[in-house]
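For reference, the chains in residue letters:
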Amino acid sequence: MIVATVCGVKGLGVRGWLLLGLITVVVLTSTGVWNPFPAVWDWVDRSQPISEPDLVWQQRVGGTPKSVTIAGDTVIVEQRTRVEARSLATGTQLWERKADWSAVAGGDRDPVVAVGKLLVKGYELLDPGTGVVRRRDGDAVAVWTYRNAILDVRCVEPTDCTLSAWDPRGTQPLWTAFLPGVHSGLLADNPDLLGSRRLTTPRIDGGVAGPESVPPLLGFPVDGRVHVVDTATGRVLQNVQPGREERLAVIGGRLLRITATSRDGTCYFTVAAHDPATGQEVWRRTGLNLRTADYAGCVQREDPQGARNVLIGVGPDGREAVIDGYDGRLLQVGADGEKLLAVDDRYAVVRSADKRSLLGRELSVDRTRWTRAAGGKSGAALTPYAAVIAEEKPSRLIAVDPRTGRELAVLRTSANALAVGPTGMIVGEGREIGYVRWGAGATVPPPPPDEGDLPGPNPGSTWQPPSDEGSCGPKRELCD
């Protein structure tokens, strides 16, 4: 009997041995003697590094992020049906909440996280480190989050709404203002207002810079009219009906009337800026195309391109220019064939006409600060702490000082740049996100924060900068 059994085993063959081994593993697992499956699954599910050099930390989140924001010492990850916070130092999850939307307000020292549900009024403000509710609102239909303020609106009737401004961690509104309605429905976080449209590029998230400071004026579209609100006092300065060929925008403390007229087979553009407090025209430029119109009869369906208090326009000679929204000055005029990739109040990143290099320009002096080699498909974005460059073939993410061009980080990766903070950057690919500190892969050490000159008015002008400008940057991004 024993001999027959041994001979039978010898004749099992490869498939028989595999079957016998599987049966043995199942028996050992079911009896609790040995279970190899958790270790095998950990090996299969192990995350591969998404960058070289490796990141400070890399974690897999529950779902593909909708947005990622650095909030003080934490990283806020918004997903489709939840929001979670992770430690900026280690990547460890701190808390998680069910939410359909989330947005970060406040600066580096006083951030908060607004969360809410779609089709449900109200929102909650959470502490980013603990997830504890700091303030709860049950009536707001829309919320706007900024670095130094939170705005919300509630409506008792479709034509009877109240706009309120709050300090990010305040418990009482700073001011309230009446609005005769808002867009229909519940609008959740940061619905579009009549401002500028940022330049975008692949592999760099549109919100990589985080929340910005509230502009001096905001334009609320209500029933075809534009209500201009002073964000310092809450006063509604203008209630304007645009003309048939006009598009209105509120940029740099001015109400812009952009006219596009179809004639002689082309579009003729005129931009006129008005002081909302007096209604007087402050500056005017003719022939400046702000890329608001499409090719169907010069109908203007888009906001003008720009960022913060500056505009991007194309002159009659086809060259791109950066214009100060407050006084209409030309802050920078590109050479023939150059392409603007990114711009803010102080700097611009430009691709050269031969598409072989990127140029860093300072707007206050209109001169090139740095030049670096780059491919024809390179993209860029500007943040308060770094200029981020995305390169293809080879695929890399590079962060440089926007004033000097000194490298802060160089990553060989196909991941996307998701968020930039004072000390580093969050990158991500799929469900994997990770943190890189300044200095990773860079050829020179990171420089101290720059507090360079800001674009100002012409000599002799009576214009005074708002109180939040000066050595702290146009939006106090270097001080908050």
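- Within an unreviewed UniProt entry, the label attached to the chain reads Pyrrolo-quinoline quinone repeat domain-containing protein, and the organism entered is Micromonospora coerulea.

### Concerning the pairing of strand β20 (residues 266–274)
Here comes step 1: Pairing of strand β19 (residues 254–263) with β20 involves nine bridges; the strand directions are antiparallel. Looking at β20, one finds that T259 is bridged to T270.
Here comes step 2: As consecutive antiparallel partners, β19 and β20 are separated by two residues, and within that stretch D264 has a phi angle of approximately 60 degrees, a positive value.
Here comes step 3: When β20 meets strand β21 (residues 281–286), the two strands line up antiparallel, connected through five bridges. Note on β21: the bridge partner recorded for V271 is R285.

### Points about unusual backbone geometry
Here comes step 1: Omega for the peptide link from E52 to P53 comes to 0 degrees, which places this bond in the cis form.
Here comes step 2: Among the structural elements, P53 can be located in the loop between α3 (37–45) and β1 (57–60).
Here comes step 3: Backbone geometry at D223 places phi at a positive 55 degrees, although glycine is not the residue there.
Here comes step 4: Structurally, D223 can be placed in the loop between β15 (217–222) and β16 (225–230).
Here comes step 5: Residue class for D223 comes out exposed when judged on its relative accessible area of 68%.

### Let's talk about the nonpolar core
Here comes step 1: Ranked by internal contacts, the top residues of the largest apolar core, which has 22 residues, are I204, V420, M425, V427, V436 and W438.
Here comes step 2: Listed by contribution, the elements that provide at least two residues to this core are β31 (387–391), β32 (396–400), β33 (407–412), β34 (416–420) and β35 (424–429).
Here comes step 3: Here the element with the most residues in this core is β33; it accounts for three residues.
Here comes step 4: Beyond its immediate chain neighbours, meaning those up to four positions away, I204 contacts G379, A380, A381, V388, A390 and A417.

Quick notes on the rules
- Residues numbered from 1 in each chain as written.
- Predicted model: local features only at pLDDT ≥ 70, side-chain atom pairs only at ≥ 80, totals over all residues.
- Heavy atoms only, no water.
- Pairing = 2+ DSSP bridges.
- Helix = DSSP H or I, 4+ residues; strand = E, 2+ residues; numbered from the N terminus.
- Buried < 20%, exposed > 50% of the residue type's maximum accessible area, 1.4 Å probe, protein only.
- Core = buried A, V, L, I, M, F, W, Y, C linked by side-chain atoms within 4.5 Å.
- Contact = heavy atoms within 4.5 Å.

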